Amino acid sequence: MSDKNTVLIFDTTLRDGEQSPGATLNLAEKLEIARQLHRLGVDIIEAGFPIASPGDFEAVTRIAQEVGTLDNPPTIAGLARANKTDIDRAWGAVQWARKPRIHTFLATSDIHLEHKLRISRNECIERVGEAVAYARSLCEDIEFSPEDAGRSDPEFLWQVLAVAIQAGATTLNIPDTVGYCTPTEYRRMIEGILKNVPGADKVILSAHCHDDLGLAVANTLAGIEAGVRQAEVTINGIGERAGNTSLEEVVMALHTRKAFYGLRTNIDTTQLVRTSKMVSALTSIFVQPNKAIVGANAFAHEAGIHQDGMLKNPLTYEIMRPEMVGWNASNLVLGKHSGRHAFSDRLKTMGYELSREELDKAFERFKALCDKKKVVTDADLEAIVADQFETLNEVYKLDSINVTSGTGSSPVASVRLLDEEGEAHADAALGNGPIDAICNCINRITGANAKLTEFHVHAVTEGIDAVADVTIRVEMANGEGRKHVFSGRSADTDTLVASGRAFLAAVNKGLRRTRIRV
Ligand code: KIV
Ligand code: ZN
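Residues numbered from 1 in each chain as written. Chains lettered and ligands numbered in written order. Predicted model: local features only at pLDDT ≥ 70, side-chain atom pairs only at ≥ 80, totals over all residues. Heavy atoms only, no water.

1. Some points on the overall build of the protein
Working step 1: Counting its secondary structure elements, the protein contains 17 helices and 14 strands.
Working step 2: Computed over the C-alpha atoms, the radius of gyration of the protein is 24 Å, within 12% of the 24 Å expected from 2.2 N^0.38 for a compact globule of 518 residues.
Working step 3: The C-alpha extent of the protein, read off along each of the three principal axes, is 75 × 65 × 40 Å.
Working step 4: Counting all 518 residues of the protein, 54% fall into the buried class.
Working step 5: A separation threshold of at least 6 residues defines the contact pool for the protein, and within that pool the share at least 24 residues apart is 66%.
Working step 6: With an accessible surface of roughly 22800 Å², the protein has 51% of that area assigned to carbon and sulfur atoms.
Working step 7: Each charge class in the protein can be summarised by its mean position, and for the 57 positive and 70 negative side chains these summaries are 2 Å apart. (Helix = DSSP H or I, 4+ residues; strand = E, 2+ residues; numbered from the N terminus. Rg over C-alpha atoms; globule rule 2.2 N^0.38 Å. Buried < 20%, exposed > 50% of the residue type's maximum accessible area, 1.4 Å probe, protein only. Contact = heavy atoms within 4.5 Å. Areas by Shrake-Rupley, 256 points an atom, 1.4 Å probe, with all protein chains shown as cover. Lys, Arg positive; Asp, Glu negative; His and termini not counted. Charge placed at Lys NZ, Arg CZ, Asp CG, Glu CD.)

What follows is the structure in structure tokens.
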């Protein structure tokens, strides 16, 4: 539903969100997230940047074909720079959706025009007019973004936006690309556009804010107060640098303060926590405990006075009920007597729709876990599924790991990997510790020269039989010597095995990326 009292939610987790260092998602993971975004009720999914790589093109195409054709489908948008080649590629991918959108952009700030694009203001205007008109000749629904609008000269910005409207843009997105604006400035920018750009009241204005000063949500809400009716957001606020506007925070601000804003969204708020957990699991980006709405402590009351008040009446300290955003949805646990049906049902409730083959593999891992652990919780299942997605498209598969360590001797690891042809490669290496030895060994075999930059281990549940969930980030240089960050995650009751698998998963992503670019 869309009217002047509805704020459309444009989710860019799979595009801007995936630009977070190390957050690379594979096709299966992107599809899984896109399906969940549909359940959540987002109006537009920006599925990727089709020109960026063959993998991006394929992902946007598949999302357009599979999620863009479901009942009551979201609009599927693909990003394109303001040129014909990018626009053709974006259209090639989104055209399969029932509601396709091309999102084209060009910077308008003098800093970007002079130093990045090296074009004049006149050339910028010309390119915008041509690109938007060309995109509109292919697709009815065109979004235009003047990149770095927040630092652009207002009068020039108005001129560019007027040209975009004349050329056929249906949504004008106003990015604060570097997260520089304050809420008052952002609100005034939108008011200025509505006042000075002919036809601005006939198109949808959109807010796209980055969080470099921690103001992305405040700026988006200020834009909404001024007349913006589309919010560009990501799950958990992930994205370039400090991230984007967090979907859950904007949605719950509008929902909880409905009397103030007088606006609604099409979001099913009970799906928020589930979606947040899925995105965190598949991107390996943790949500801080004190994060609003979806952080583990968002509804935890610690102080005695608060607890006393809560017992007397939850309204004393709670402005939202946790159930409204999907907390406490279920405390169900599975165990070794749980069958395949209960297992697959539980995964579905958590938002995962696995294929038959994926389900078989996950069920096998679940049964193996039940032999080691009495009760298996949602958190264990999330770790199993995330781990399984990590092992798709592997360049090297882990066959075995053995480590010897202890007092008085240097730790030594021996690792055997299988390449894509099934050929075995084995080696042994020393290290400062057992994990260092495993990483050295994997580097020797694969030649990846990956540098471990982050290592996190956490027990998924309590108890001595807990599964260790290991997340690793590595830095790898590409052919031109530029460093990229890749993350890997694995869960196992043996911390060393989980560490080796997580490191290999990150290395595999780096090797795969390099291969595609070559
Ligand atoms: O931040 C930005 O300017 C963007 C545009 C491509 C919309 O992400
Ligand atoms: Zn952005």
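After that view, the rundown keeps rolling.
2. Some words on the coordination of the zinc ion (ligand 2)
Working step 1: Around the zinc ion (ligand 2), the protein contributes the donor atoms Asp16 (OD), His208 (NE2) and His210 (NE2), at 2.0 to 2.2 Å from the metal centre.
Working step 2: Sequence positions of the residues that donate to the zinc ion (ligand 2) give the spacing D-x191-H-x1-H. With a gap of 194 residues between them, Asp16 in the loop between strand E1 (8-11) and helix H1 (27-40) and His210 in the loop between strand E7 (204-209) and helix H8 (216-226) connect regions that are remote in the sequence.
Working step 3: A residue is classified by how much of its surface remains accessible, and Asp16, at 2% relative accessible area, is buried. (Donors = N, O, S within 2.8 Å, 3.2 Å for Na, K, Ca; no water.)

3. Let's talk about the packing of helix H5 (residues 121-138) against helix H6 (residues 154-167)
Helix packing for two helices is described by the angle between their axes and how far apart those axes are.
Working step 1: In the contact formed by H5 and H6, the axes pass within 8 Å of each other and the chain directions differ by 25°. Between H5 and H6, the interaxial angle falls into the category roughly parallel. The two elements H5 and H6 meet at a crossing, and its hand is right-handed. In this structure, H5 contributes Arg121, Cys124, Ile125, Val128, Gly129, Val132, Ala133 and Arg136 to the contact, and H6 contributes Phe156, Gln159, Val160, Val163, Ala164 and Ala167.
Working step 2: Class assignment of the residues belonging to the contact of H5 with H6 gives a composition of ten nonpolar, two polar and two charged. (Axes fitted to C-alpha atoms, helices over the stretch in contact; angles between N-to-C directions. Parallel < 35°, antiparallel > 145°, perpendicular 65-115°, else oblique. Left-handed = near helix turned anticlockwise from the far one by under 90°. Nonpolar A, V, L, I, M, F, W, Y, C, P; charged D, E, K, R; others polar.)

4. So, the side chain of Asn508
Working step 1: Structurally, Asn508 can be placed in helix H17 (residues 495-517).
Working step 2: When its relative accessible area of 5% is taken as the criterion, Asn508 is described as buried.
Working step 3: Looking at Asn508, its side chain comes within polar contact range of the main-chain oxygen of Tyr396, at 2.9 Å.
Working step 4: If we skip the residues at most four places from it in the chain, Asn508 touches Glu394, Val395 and Tyr396. (Polar contact = N/O pair within 3.5 Å; in protein donor to acceptor, adjacent residues only side chain to side chain.)

5. Things to note about the pairing of strand E5 (residues 142-147)
Working step 1: The buried fraction of E5 amounts to six of the six residues, a majority that puts the element mostly inside the structure.
Working step 2: What you see with E5 is no split at all: Ile142, Phe144 and Pro146 on one side and Glu143, Ser145 and Glu147 on the other are buried throughout.
Working step 3: As judged from the six bridges shared by strand E4 (residues 100-107) and E5, these two strands associate in the parallel manner. Residue pairing for E5: Thr104 is matched across the bridge by Phe144.
Working step 4: Sheet analysis places E5 next to strand E6 (residues 171-176), joined by two bridges and oriented parallel. Counterpart to Phe144 in the pairing with E6 is Leu172. (Pairing = 2+ DSSP bridges.)

6. Thoughts on the nonpolar core
Working step 1: Ranked by internal contacts, the top residues of the largest apolar core, which has 116 residues, are Phe144 and Tyr352.
Working step 2: Examining the composition of this core, we find that eight residues originate from one element, H6, more than from any other.
Working step 3: Each residue touching Phe144, except ones within four places of it in the same chain, is listed here: Thr104, Phe105, Leu106, Val128, Val132, Val160, Leu161, Ala164, Ala169, Thr171, Leu172 and Asn173. (Core = buried A, V, L, I, M, F, W, Y, C linked by side-chain atoms within 4.5 Å.)

7. Comments concerning the sheet that holds strand E10 (residues 412-418)
Working step 1: Overall, antiparallel pairing links the three strands, which are arranged E9-E10-E11 in an open sheet. If you trace the sheet from one side to the other, it starts and ends with strand E9 (397-404) and strand E11 (424-430), each paired once. Taken pair by pair, the neighbouring strands of this sheet meet at an average axis angle of 15°, ignoring direction.
Working step 2: Pairing of E10 with E11 involves seven bridges; the strand directions are antiparallel. Bridging across to E11, Val415 finds its partner in Asp427.
Working step 3: Strand contacts of helix H16 (residues 434-446): E9, E10 and E11, with the helix running at about 140° to E11, the strand carrying the most contacts.

8. Considerations on the sheet that holds E4
Working step 1: Spatially, eight strands are ordered E1-E2-E3-E4-E5-E6-E7-E8 in a closed barrel, and the strand pairing comes out parallel. The mean angle between the axes of side-by-side strands here comes to 25°, regardless of whether they run parallel or antiparallel.
Working step 2: Taken together, the four bridges between strand E2 (residues 44-48) and strand E3 (residues 75-81) define a ladder with parallel strand orientation. Note that in E3 the partner of Glu46 across the bridge is Ala77.
Working step 3: The sheet strands contacting helix H3 (residues 84-94) are E3 and E4, and the helix crosses E3 at an angle near 160°.

9. Examining the site of ligand 1
Working step 1: Around ligand 1, the surrounding shell consists of Arg15, Asp16, His103, Phe105, Ser145, Glu147, Asn173, Pro175, Thr177, His208 and His210.
Working step 2: Between ligand 1 and Arg15, the relevant distance is 2.9 Å, taken from an oxygen atom to a side-chain nitrogen or oxygen of the residue.
Working step 3: Notes on ligand 1: free accessible area 260 Å², of which the protein chains cover 94%.
Working step 4: At the level of elements, E4, E5 and E6 are the ones that each hand at least two residues to the shell around ligand 1. (Near = heavy atom within 4 Å.)

10. Thoughts on the domain arrangement of the protein
Working step 1: Here the domain parsing of the protein yields domain 1 (8-283), domain 2 (299-329), domain 3 (340-388) and domain 4 (397-514).
Working step 2: Each of domain 1 and domain 3 has a C-alpha centre, and the two are 34 Å apart.
Working step 3: Taken together, the contacts link ten residues of domain 1 with nine residues of domain 3.
Working step 4: Summed over both sides, the interface between domain 1 and domain 3 buries roughly 810 Å², with carbon and sulfur atoms accounting for 48% of that surface.
Working step 5: Where domain 1 meets domain 3, there are one salt bridge.
Working step 6: Between Glu353 and Arg39 there is a salt bridge, with the nearest N and O atoms lying 2.6 Å from each other.
Working step 7: Run the count over domain 1 and domain 3 and you get four residue pairs in polar contact (both at pLDDT 80 or more). (Domains from an automatic or database assignment. Buried area = accessible area lost by both parts, 1.4 Å probe. Salt bridge = Lys/Arg side-chain N within 4 Å of Asp/Glu carboxyl O.)

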